[in-house]
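Structural features, examined
Below are the chains, spelled out letter by letter.
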Amino acid sequence: MPQHPSAAPFDTDVLIIGAGPSGLALARALADASIRSIVLDAQDAATLADPAPDGRDIALTHRAAVLMRRLGLWERLPAAEVAPLRAAEVYNGRDPQPLHFDPQGSGEDELGWLVSNHVIRRASWEAVQGREAITLRPGTRVLGLAIEADAATLRCRAADGSEATLRAPLLVAADSRFSEARRQAGIGAQMRDFGRSVIVCRMAHSEPNRAVAQECFHIGHTLAVLPMNGGESSMVVTVSSDQALAMQQWDDARFTAWVQQQLGERLGTLTLRGKRHLYPLVAVYAQRFVAPRFALIGDAAVGMHPVTAHGYNFGLYGVDVLAGLLASAQRAGRDLGSLAVLQPYETIHKRETWPIFHGTNAIVGLFTDDRGAARLVRQAVVRVAEHLPPLKRAITQRLTRSDATPWPPLPPLPPLPAVLTSLWRG
Ligand SMILES: Cc1cc2nc3c(=O)[nH]c(=O)nc-3n(C[C@H](O)[C@H](O)[C@H](O)COP(=O)(O)OP(=O)(O)OC[C@H]3O[C@@H](n4cnc5c(N)ncnc54)[C@H](O)[C@@H]3O)c2cc1C
């Protein structure tokens with residue numbers, strides 16, 4: 001590693017702040033390329049090794065599954081915890097005719113899979129154990145960081161109160177969408193607070209879920225049903241944040257009855273399993289993903305609204321690109337922290353994430369706007385999309401492709417009469 005002769009030695013090749021799914025995936029990918037890293041996290045080792053359920057059930061794309069296999073994560077997921085996603089249906093209000101997606105024609109049996117976030121976190125932690133190239137520093141708080149011409153430096157305090165200063169050619173922040181490291185590195189972010197929150201929980205039901213996800217857009221709220229194994233589904237209720245706080249005060253019976261009323265008999269009788277968890281919805285897009293000796297990954301780079309289920313998937317795609325660039329740079333004896341090495345990561349990851357970030361926010365805006373005109377437009381969107389096979393195929397391909405091929409070209413829009421007929425039928 002090139003280093004000024006008078007400079008203090010490097011402690012590692014890459015410092016990673018955050019031992020969440022993104023930070024650990026990067027550490028593992030770098031170790032596979034013989035690049036050393038130190039991973040710091042504020043949480044203690046016991047919590048990182050065996051995280052409590054947090055209510056999030058993560059929809060994984062085919063490409064994410066390929067990357068998880070490569071990183072030794074997939075084989076660590078217990079089979080019973082991996083639920084196939086065979087189809088998805090989008091309902092607009094009480095309209096019984098959904099927009100339907102399935103993998104037909106893609107050569108795959110599933111659109112993707114659903115795995116609980118704490119199960120992914122546990123597998124990610126396991127996958128970095130016993131690797132000489134990885135040093136884990138749980139229970140460690142970051143006190144400050146400095147990006148200098150020849151090194152990135154980080155001051156931190158361990159759980160026992162001892163302080164240390166660590167130096168490396170590159171510092172990577174994987175410390176969540178509200179990344180403190182991003183702010184300290186002087187990188188701004190575009191933030192969109194939707195004024196809404198999701199309540200997530202598991203429910204058992206007397207009728208099978210057929211491995212079909214449902215997304216139901218109602219006036220004032222949306223309800224997503226994610227099919228899990230064992231006769232259970234994950235319920236994702238999105239309401240205004242003040243209403244979410246009020247609903248969290250409801251007892252379990254009242255909350256279950258409310259969800260039951262929304263779903264009718266679609267899943268039979270519902271029974272709440274475990275706790276309800278609340279997440280305020282704030283989407284975040286960093287202004288830059290890289291700077292000299294600094295990079296952002298995972299939610300710290302792109303914090304998605306969960307409706308299109310892309311956050312962790314994007315995190316893995318970014319890790320794949322960044323780790324590939326760093327591995328090539330290492331082989332060529334280049335400086336891992338130089339902007340020339342890091343810049344392509346930003347270019348590629350922006351190209352991947354920017355359209356979906358804004359597309360997702362636009363969909364959320366449309367489907368949560370309850371004014372008459374917006375309701376009419378979304379009815380048209382559901383109807384037209386249902387009768388536009390090329391568009392549905394493009395979306396399905398997006399989920400089932402297992403490599404980094406770019407978006408297929410958008411299909412031509414249907415002629416206006418078809419849109420009007422579709423509206424008329426609605
Ligand atoms: C309700 C919900 C549903 C979702 N559904 C999906 C889905 O279906 N599909 C999908 O792909 N994604 C989904 N996501 C998104 C997914 O959960 C996130 O994208 C993913 O967890 C981000 O991982 P991360 O490692 O980047 O960040 P995080 O999981 O936030 O981890 C950050 C880590 O950094 C540590 N940390 C933070 N600050 C510091 C500090 N100063 N010092 C040391 N450590 C620090 C934290 O302790 C934590 O361990 C969903 C999210 C939510 C909320």
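Our subject is the structure that appears above.
Here's what I pulled together on the structure shown here. From a predicted model like this one, the values you see are computed outputs, not experimental measurements. (Residues numbered from 1 in each chain as written. Predicted model: local features only at pLDDT ≥ 70, side-chain atom pairs only at ≥ 80, totals over all residues. Heavy atoms only, no water.)

1. Structural notes on the overall build of the protein chain
Along the protein chain, the regular secondary structure elements total twelve helices and 20 strands. Going through the 426 residues of the protein chain one by one, you find that 54% of them count as buried. Sequence-distant contacts in the protein chain: of pairs separated by 6 or more residues, those separated by 24 or more amount to 73%. Of the roughly 18500 Å² that the protein chain leaves accessible, carbon and sulfur atoms contribute 55%. (Helix = DSSP H or I, 4+ residues; strand = E, 2+ residues; numbered from the N terminus. Buried < 20%, exposed > 50% of the residue type's maximum accessible area, 1.4 Å probe, protein only. Contact = heavy atoms within 4.5 Å. Areas by Shrake-Rupley, 256 points an atom, 1.4 Å probe, with all protein chains shown as cover.)

2. Side note on the site of the ligand
Around the ligand, the structure places 29 residues, and the nearest of them are Asp41, Arg56, Ala59, Asp299 and Tyr312. Within the side chain of Ser22, a nitrogen or oxygen atom sits 2.9 Å from an oxygen atom of the ligand. In this structure, Ala59 approaches the ligand through a main-chain N or O atom, which is 2.8 Å from an oxygen atom. Surface burial for the ligand is 88%, taken as the share of its 1000 Å² of free accessible area covered by protein chains. For the shell around the ligand, the secondary-structure elements that each account for two or more residues are α1 (21–32), β3 (57–60), α4 (117–126) and α8 (311–331). Grouping the amino acids of the shell around the ligand by side-chain chemistry returns twelve nonpolar, eleven polar and six charged. (Near = heavy atom within 4 Å. Polar contact = N/O pair within 3.5 Å; in protein donor to acceptor, adjacent residues only side chain to side chain. Nonpolar A, V, L, I, M, F, W, Y, C, P; charged D, E, K, R; others polar.)

3. Some thoughts on the nonpolar core
One finds Ile16, Leu26, Leu60, Met68, Val172, Leu322 and Leu326 to be the most contacted residues of the largest nonpolar core, which totals 101 residues. Considering each element in turn, this core owes the most residues, ten residues, to α8. Sequence-distant contacts of Leu322, that is, excluding residues within four places in its chain, are made with Leu26, Val172, Ala295, Ile297, Leu342 and Tyr345. Counting 18 residues, the second largest nonpolar core, distinct from the first, contains Met235, Val239, Leu267 and Leu272. (Core = buried A, V, L, I, M, F, W, Y, C linked by side-chain atoms within 4.5 Å.)

4. Here we look at the packing of aromatic side chains
Within this structure, the stated rule accounts for six aromatic pairs. Aromatic side chains Tyr285 and Phe289 sit 5.5 Å apart centroid to centroid with 45° between the ring planes, which places their arrangement in the tilted category. Pairwise contacts between aromatic rings join Tyr285, Phe289, Tyr345, Trp354 and Phe357 into one cluster. Seen from the ring of Tyr91, Arg266 lies directly overhead, with NZ or CZ sitting 4.1 Å from the centre. Its end group placed over the ring of Phe289, Lys350 keeps NZ or CZ at 5.4 Å from the ring centre. (Phe/Tyr/Trp six-rings, centres within 6.5 Å; stacked < 30°, edge-to-face > 60°. Lys NZ or Arg CZ within 6 Å of the ring centre and 35° of its normal.)

5. Observations regarding the sheet that holds strand β1 (residues 14–17)
Strand order across the open sheet formed by six strands is β8-β2-β1-β12-β19-β18, with mixed pairing between neighbours. Here the strands that pair on one side only, and so sit at the sheet edges, are β8 (134–137) and β18 (290–291). Looking at chain direction, strand β12 (residues 170–173) and strand β19 (residues 294–296) are connected through three bridges and run parallel. By the bridge assignment, Ala173 is partnered in β19 with Leu296. (Pairing = 2+ DSSP bridges.)

6. Observations concerning the sheet that holds strand β6 (residues 99–101)
Picture the strands of a sheet paired through backbone hydrogen bonds; they go either parallel or antiparallel. With mixed pairing, eight strands are arranged side by side in an open sheet as β6-β5-β14-β15-β16-β13-β17-β20. The open sheet has two edge strands, β6 and β20 (302–303), and neither has a second partner. Of the strands in this sheet, β13 (189–205), β14 (212–217), β15 (222–227), β16 (232–240) and β17 (270–286) are in contact with helix α7 (residues 252–263), which crosses β17 at around 75°. (Axes fitted to C-alpha atoms, helices over the stretch in contact; angles between N-to-C directions.)

7. Notes on the pattern of salt bridges
With the rule as written, the count across this model stands at 18 salt bridges. A salt bridge links Asp13 to Arg36, with the nearest nitrogen and oxygen atoms 3.3 Å apart. Of this pair, Asp13 sits in the segment before β1 while Arg36 sits in the loop between α1 and β2 (37–40), and the two are 23 residues apart along the sequence. Residue Arg36 is classed as partly exposed on the basis of its relative accessible area, which comes to 38%. With a shortest N-O distance of 2.5 Å, Arg293 and Asp335 are connected by a salt bridge. Residue Arg293 is found in the loop between β18 and β19, and its partner Asp335 is found in the loop between α8 and α9 (339–367); the two are separated by 42 residues along the sequence. Its relative accessible area of 8% is what places Arg293 among the buried residues. By sharing partners, the salt bridges in this structure join Asp57, Arg202, Glu232 and Arg273 into a single network. (Salt bridge = Lys/Arg side-chain N within 4 Å of Asp/Glu carboxyl O.)

8. What to know about the environment of Ala291
By the element assignment, Ala291 lies in strand β18. Taking C-alpha positions, Ala291 is 8.7 Å from Gly337, a pair spaced 46 residues apart along the chain. The residues touching Ala291, leaving out its near neighbours within four places in the chain, are Ile187, Leu339 and Leu342.

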